[in-house]
Amino acid sequence: MANQLRRCRPLLGTYVEVSLNADLSDDKLLDISKAVYQAIESVEKCMSFHNTSSELSYINMNAHKQAVRISNDMKSVLAQSMELSQMTQGAFDPCVAPTMIRQGMLPNNGNKLGSKIWDKKTKFGSWHDIQIEDDQIYFRRPVLLDLGGIGKGFAVDKAIATLNSENLIDVKATINAGGDLRMTHPVDQVVRLRHPNLTSSSHFQFPMHRAAVATSAGYFSEFSHPIISPTANKSIQDSRSVSVFASTCMQADALTKVAFLSRDAATILESFDARAVYIDCEGNISEC
Amino acid sequence: MAMNRRNFGKVVCGAGAGVFLPINSLHAETFLTIPQAMKVIWGDIYLRPVTAFLTEEQVESIEAASDTHVRNLELNLWKTENNDWFIVDQVIGKHENIDIAVGLDHNGQVVGIEVLTYRESYGDEVRHPKWRAQFHGRGPEKILRLDEDIKNISGATLSCRHITDGINRLTHTWHQVLRHL
């Protein structure tokens, strides 16, 4: 007899929902949801910019002084990030934290730690200054990495992976971390994309023909657009939303930035077997 | 099942640029029930219901300490034999109204946060005091549940900072009121 559990917790700075459908008891579904959230928490602990004790913060503080050993999770996310930086020739660049701090989107943790590692005169580097060899990372000059988007997608992928064992193969799960969504059984499922004009209170329904989808847009940001142009060193101005369907959530999230920032977006998305859906303020839809 | 790019394009376009769904301007999603949240946060430990109302002085004190607004004078509380707490509360943001369950241990530390019901509205109603008023002073048995149940929404990231403010208010409430109960 099919049973369902829906759970929602604040994590990763947003709301992380877990929906489980299976022929299992309430207690068993709760146990499965606990394992799912543990996976999300482990990524938050590793990659949170806000947390001064995270692995990311340690890397940001130290990797320009000496090579830092990185975890497998960090390695996976950085590898994807560097690949996209190369493919987009820097249109995708995770080293945009200094601009985000300046715009008030991220905390200035350098101040909090009383560190004199950087000050107003510090010239921060870009993806070119990142060197990764085996399991070590080194910055040729100070770099501040933000993995907020791509890390969120990775957290969803890692959480879905907790359901990979043989005895959980029939569990139908959907994990939605603030719009970064992935399903174990996407066939015949639908997703709803918000109309960028929020006061219209409507959604567009699309079939879920990839396992994951992620959306980027400015309609929830009170001040600047959440996407930073690495070349202009400030937020973009774009009233559209873009949703990318891809086989993993990490790819989907990272490719939403590519969809906004890169002139070669269509080609790059195709190489990942991904699709983008753009919706403008009037509800007009275009795809690539 | 992998689908090649051409088929995917046909399917997405064939959906008529998506199906436009104008909905009521209020939408809600429900998650754990209160008993489920109790189990998640405190397992099988016995939770005794406790009645408490904030006095004006306590409200002022909590608001000053937490820099938040106290909307409900009635607290929905349960207590363990070890003086740990299970609290059901509401957090109201600009467009969101959220019922949460929070576990605080006997030192006032947060041990769990669960969203029970999430409601949002982007219509004009959200600006009217009367709409907001329907959520004031609601106990768990009167929590508004709606038939509208739209799942699987992929949108831009909504910050959960209102939850953080709510938790801050509750930990100050513990400090000023609960630990003396």
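A brief look at the structure comes next. These numbers were taken from a predicted model, which means no experiment stands behind them.

Our next topic: the pattern of salt bridges. Proximity of charged atoms lets side chains of opposite charge pair with each other. All names here are of chain A. Applying the stated rule across the entire model yields 18 salt bridges over all chains. With a shortest N-O distance of 3.2 Å, R141 and D129 are connected by a salt bridge. Highlighted residues: R141 in the loop between β5 (136-139) and α6 (148-161) and D129 in the loop between α5 (109-112) and β4 (130-133), separated in sequence by 12 residues. Classification of D129 by relative accessible area gives buried; the value is 12%.

Let us look at the sheet that holds strand β13 (residues 241-246) of chain A. Residues and elements named next belong to chain A. Overall, antiparallel pairing links the 8 strands, which are arranged β1-β2-β6-β7-β10-β13-β14-β15 in an open sheet. The open sheet terminates on both sides in strands that have one partner only, identified here as β1 (3-11) and β15 (285-287). Recorded for the sheet is a direction-independent mean angle of 15 degrees between the axes of neighbouring strands. Of the strand pairs in this sheet, strand β14 (residues 275-279) and β15 are connected by 3 bridges, and their pairing is antiparallel. When the bridges of β15 are listed, I279 appears paired with I285.

Turning our attention to the packing of aromatic side chains. Summed over the entire model, instances satisfying the criterion amount to 4 aromatic pairs over all chains. For the pair Y219(A) and F220(A), a centre-to-centre distance of 5.0 Å together with 85 degrees between the ring planes defines the contact as edge-to-face. For Y219(A), a relative accessible area of 16% corresponds to the buried category. For F220(A), a relative accessible area of 16% puts it in the buried group. Each ring, one from W78(B) and one from F86(B), has its centre 5.6 Å from the other, and the planes form 70 degrees; the classification is edge-to-face. When the ring centre of Y37(A) is taken as origin, the NZ or CZ atom of R9(A), which lies over that ring, is 4.8 Å away.

To continue, consider helix α7 (residues 249-261) of chain A. All names here are of chain A. The end-to-end C-alpha separation of α7 is 19 Å, in line with the 18 Å expected for 13 residues at 1.5 Å each. Burial of α7 is extensive: 11 of the 13 residues sit out of reach of the surface. Taken together, the buried positions of α7 are C249, M250, Q251, A252, D253, A254, L255, T256, V258, A259 and F260. Its side-chain oxygen at 3.1 Å from the backbone nitrogen of Q251, T248 defines the N-terminal cap of α7.

Below, the discussion takes up the sheet that holds strand β3 (residues 68-69) of chain A. Residues and elements named next belong to chain A. Read from one edge of the open sheet, 3 strands run β3-β5-β4, paired in antiparallel fashion. At either margin of the open sheet sits one strand with a lone partner, and together these are β3 and β4. Bridging between β4 and β5 involves 4 bridges; their strand directions are antiparallel. If you follow I130 over to β5, its bridge partner there is F139.

We now examine the interface of chain B and chain A. In this assembly, 45 residues from chain B lie in contact with 50 residues from chain A. Buried surface at the junction of chain B and chain A, summed over both partners, amounts to about 4,700 Å²; 57% is from carbon and sulfur atoms. Here chain B and chain A share 4 salt bridges between them. With a closest N to O distance of 2.6 Å, R194(A) and E120(B) form a salt bridge. Our count for the chain B to chain A interface comes out at 16 residue pairs in polar contact (both at pLDDT 80 or more). Every element with two or more residues in the side of chain B that touches chain A is listed here: α1 (5-14), β1 (19-22), β2 (26-30), α2 (34-42), β7 (110-121), β8 (153-154) and α5 (161-176) of chain B. Counting residues per element, the side of chain B that touches chain A draws most heavily on α1(B), which supplies 6 residues. Residue composition of the side of chain B that touches chain A, by class: 26 nonpolar, 11 polar and 8 charged. Both strand β8 (residues 190-194) of chain A and β8(B) contribute to a ladder of 2 bridges, which runs parallel. Within β8(B), the position partnered with R192(A) by the bridge is I153(B).

So, about the pairing of β7(B). Judged by how many residues are buried, β7(B) sits mostly within the fold: 10 of 12 residues are covered. Following strand β6 (residues 96-104) of chain B, the chain reverses through 5 residues before pairing antiparallel with β7(B); G108(B) in that reversal takes a positive phi of roughly 80 degrees.

Calculation rules
Residues numbered from 1 in each chain as written. Chains lettered and ligands numbered in written order. Predicted model: local features only at pLDDT ≥ 70, side-chain atom pairs only at ≥ 80, totals over all residues. Heavy atoms only, no water. Salt bridge = Lys/Arg side-chain N within 4 Å of Asp/Glu carboxyl O. Helix = DSSP H or I, 4+ residues; strand = E, 2+ residues; numbered from the N terminus. Buried < 20%, exposed > 50% of the residue type's maximum accessible area, 1.4 Å probe, protein only. Pairing = 2+ DSSP bridges. Axes fitted to C-alpha atoms, helices over the stretch in contact; angles between N-to-C directions. Phe/Tyr/Trp six-rings, centres within 6.5 Å; stacked < 30°, edge-to-face > 60°. Lys NZ or Arg CZ within 6 Å of the ring centre and 35° of its normal. Expected span 1.5 Å × (residues − 1). Polar contact = N/O pair within 3.5 Å; in protein donor to acceptor, adjacent residues only side chain to side chain. Contact = heavy atoms within 4.5 Å. Buried area = accessible area lost by both parts, 1.4 Å probe. Nonpolar A, V, L, I, M, F, W, Y, C, P; charged D, E, K, R; others polar.

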